[in-house]
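Each chain, letter by letter, is given below.
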Amino acid sequence: MDVIISQSRVAGRVRAPPSKSYTHRAILAAGYGHDAVVTDPLVSADTRATIRAVEAFGGAVERADDDSRIDVSGFGGRPDVPDDVVDCANSGTTTRLVTACGALADGLCVFTGDDSLRSRPQGPLLDAIQQLGGRAESTRGNGQAPLVVGGDTPGGGVSIPGDVSSQYITALLMAGAVTDEGIDIELETELKSAPYVDITLEVLRDFGVEVERTDAGFSVPGGQSYDPTGGEYAVPGDFSSMSYLLAAGAVAAAEGETVVVEGARPSAQGDSAIVGILESMGASIDWDREAGEITVESGTLSGTTVDVGDTPDLLPTIAALGAIADGDTVIENCEHVRYKETDRVRAMAEELETMGASVTEERDRLTIHGGESDLVGARVDGRADHRIVMSLAVAGLVADGETTIRGGEHVDVSFPDFFERMASLGVDVERSE
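Residues numbered from 1 in each chain as written. Predicted model: local features only at pLDDT ≥ 70, side-chain atom pairs only at ≥ 80, totals over all residues. Heavy atoms only, no water.

## Thoughts on helix 3 (residues 92–102)
Step number 1: Of all 11 residues making up helix 3, 11 are buried, and the element is well covered by its neighbours.
Step number 2: Regarding helix 3, the residues found buried are Gly92, Thr93, Thr94, Thr95, Arg96, Leu97, Val98, Thr99, Ala100, Cys101 and Gly102.
Step number 3: Structurally, helix 3 contributes buried residues whose contacts are with helix 1 (20–32), helix 2 (45–56), strand 7 (108–112), helix 4 (123–131), strand 9 (147–150) and helix 5 (166–176). (Buried < 20%, exposed > 50% of the residue type's maximum accessible area, 1.4 Å probe, protein only. Helix = DSSP H or I, 4+ residues; strand = E, 2+ residues; numbered from the N terminus. Contact = heavy atoms within 4.5 Å.)

Dropping the structure here:
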């Protein structure tokens with residue numbers, strides 16, 4: 001589906017969607033337990049993949065008609081061997097989290113997904129499962145899905161790099177709590193995207209699971225149970241998705257008007273850094289943490305330098321802002337962002353150039369020369385990546401003319417009604433099949 005964005009001014013109140021990261025973890029945590037309710041979840045293409053996996057492991061999942069809650073009857077710490085191959089679609093988070101879970105099964109589980117997912121690295125997680133006494137291999141022998149895991153993994157000690165994906169660590173921590181021996185994780189390299197592990201620790205704590213930080217990494221005792229207080233867990237708003245709404249307000253709020261984003265409750269999300277990034281660029285932005293609301297006005301933005309080692313999902317948003325701001329915006333420590341749904345560093349460089357931006361791409365750095373950029377409407381490719389689509393939509397708000405984004409339907413991965421919410425702020429949006 002093509003989505004056409006015309007130069008627009010925005011204003012009003014809008015609510016951020018629930019967090020995808022928290023929803024994934026909460027659904028699987030509930031699956032590891034017996035009975036739990038996840039309230040205010042994000043129901044999207046990615047989280048539906050995690051729901052399917054929990055059901056494949058023997059759990060039962062029931063969604064409210066309005067998706068305001070998900071009732072989960074879990075598999076009690078020991079997953080069944082699925083009757084069929086588990087399709088994780090385009091969800092890398094699902095794949096990694098359920099791969100470690102599947103390694104606990106007394107038999108073999110097979111996980112696969114779409115073309116993009118089957119190109120993403122899983123080797124370090126497979127190696128970790130083998131170290132822990134389980135069976136784990138790639139059917140093609142290249143460390144990529146399809147994956148085969150199982151063997152009733154007992155737990156133990158494991159050494160794993162921390163700079164490829166924090167999701168490996170999350171997967172091991174979640175599975176380790178229900179192993180016989182627990183899991184001691186030694187990080188071979190510095191942990192990147194560390195706030196995502198902080199999210200995991202927060203969710204585990206809320207489900208009654210203990211994890212210790214150690215000098216080497218992390219330790220999770222075995223034999224634990226997943227049981228949230230009162231049997232319920234509430235998902236907070238998603239700062240990754242919120243970044244596009246805040247960016248829209250910062251670059252295109254109508255004169256004398258503001259954009260107010262609701263659902264901004266403080267949490268462990270590293271992507272809340274978008275507030276400080278916008279401040280560093282000169283945006284007028286105010287976060288009322290008690291009310292969970294962020295108010296932003298448009299103004300002249302200036303380039304800044306941002307290290308995205310811990311906040312990879314913000315790179316597309318920052319790149320779009322940089323193409324609109326004065327001066328250079330330098331995005332550093334970003335090589336790991338190349339291994340997402342697409343190579344997001346290259347995708348943003350190429351698509352912003354199509355719109356008239358001046359960009360310098362290096363392996364671990366992306367520089368957008370805002371002072372040399374003059375955005376014009378163009379036909380751009382969302383690269384089948386929800387974050388690329390939404391970031392290009394932000395750039396389209398100020399580009400001269402119409403911006404046509406191919407693959408607009410991919411916002412369903414994390415923000416299914418993104419374009420409806422943008423339209424509610426005044427954005428001129430058209431769809432074309």
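## Structural notes on the pattern of salt bridges
Two side chains bearing opposite charge may form a pair once their charged atoms approach each other closely.
Step number 1: By the definition in use, this model includes 28 salt bridges.
Step number 2: Two residues, aspartate 412 and arginine 48, come together in a salt bridge whose shortest N-O distance is 2.8 Å. Separated by 364 residues along the polypeptide, aspartate 412 in the loop between strand 23 (402–406) and helix 12 (418–424) and arginine 48 in helix 2 bring together distant segments of the chain.
Step number 3: Aspartate 313 is the partner of arginine 387 in a salt bridge, and the nearest nitrogen-oxygen pair spans 3.6 Å. Placement of arginine 387 in helix 11 (residues 386–396) and of aspartate 313 in the loop between strand 18 (305–307) and helix 9 (315–324) is noted, with a sequence separation of 74 residues between them.
Step number 4: Arginine 387 gets classed as buried once you look at its relative accessible area, which sits at 3%. (Salt bridge = Lys/Arg side-chain N within 4 Å of Asp/Glu carboxyl O.)

## Overview of helix 7 (residues 239–252)
Step number 1: For helix 7, which comprises 14 residues, the first-to-last C-alpha distance of 19 Å matches the rise-based estimate of 20 Å (1.5 Å per residue) to within 8%.
Step number 2: Among the 14 residues in helix 7, 14 count as buried, and that is most of the element.
Step number 3: Sitting at the head of helix 7, aspartate 238 places a side-chain oxygen 2.8 Å from the backbone nitrogen of serine 240. (Expected span 1.5 Å × (residues − 1). Polar contact = N/O pair within 3.5 Å; in protein donor to acceptor, adjacent residues only side chain to side chain.)

## Quick look at the sheet that holds strand 10 (residues 156–160)
Step number 1: The four strands are arranged 10-11-13-12 in an open sheet whose pairing can be described as mixed. If you trace the sheet from one side to the other, it starts and ends with strand 10 and strand 12 (212–213), each paired once.
Step number 2: Relative to strand 13 (residues 217–220), strand 12 is paired through two bridges, and the arrangement is antiparallel. Looking at strand 13, one finds that glutamate 212 is bridged to serine 219. (Pairing = 2+ DSSP bridges.)

## Structural notes on the side chain of threonine 23
Step number 1: Turning to its location among the elements, threonine 23 is positioned in helix 1.
Step number 2: When its relative accessible area of 0% is taken as the criterion, threonine 23 is described as buried.
Step number 3: Beyond its immediate chain neighbours, meaning those up to four positions away, threonine 23 contacts Pro41, Leu42, Thr47 and Val235.

## Structural notes on the environment of glutamate 297
Step number 1: You can see glutamate 297 is positioned in strand 17 (residues 293–297).
Step number 2: Spatially, the C-alpha atoms of glutamate 297 and alanine 30 are 40 Å apart, while their sequence positions differ by 267 residues.
Step number 3: With residues near it in sequence (within four places) discarded, glutamate 297 still touches Gly249, Ala250, Ala253, Glu257, Thr258 and Ser284.

## Some points on the packing of aromatic side chains
Step number 1: Applying the stated rule across the entire model yields 10 aromatic pairs.
Step number 2: For the pair phenylalanine 57 and phenylalanine 75, a centre-to-centre distance of 5.7 Å together with 70° between the ring planes defines the contact as edge-to-face. With a gap of 18 residues between them, phenylalanine 57 in the loop between helix 2 and strand 4 (60–63) and phenylalanine 75 in the loop between strand 5 (69–73) and strand 6 (86–87) connect regions that are remote in the sequence.
Step number 3: Accessibility expressed as a relative area gives 0% for phenylalanine 57, which makes it buried.
Step number 4: Through pairs of rings, three or more aromatic residues link up here, namely Tyr32, Phe57, Phe75, Phe111, Phe207, Tyr226 and Tyr233. (Phe/Tyr/Trp six-rings, centres within 6.5 Å; stacked < 30°, edge-to-face > 60°.)

## Quick look at the state of the cysteines
Step number 1: What the rule picks out here adds up to zero disulfides.
Step number 2: Free cysteine cysteine 88: the closest other cysteine sulfur is in cysteine 109, separated by 11 Å. (Disulfide = S-S within 2.5 Å.)

## Overview of the sheet that holds strand 19 (residues 328–332)
Step number 1: Strand order across the open sheet formed by four strands is 18-19-21-20, with mixed pairing between neighbours. At either margin of the open sheet sits one strand with a lone partner, and together these are strand 18 and strand 20 (358–362). Between one strand axis and the next, the sheet turns by 10° as a mean value, whatever way the strands run.
Step number 2: Bridging between strand 18 and strand 19 involves three bridges; their strand directions are parallel. Counted as the bridge partner of valine 306 is isoleucine 331 from strand 19. (Axes fitted to C-alpha atoms, helices over the stretch in contact; angles between N-to-C directions.)

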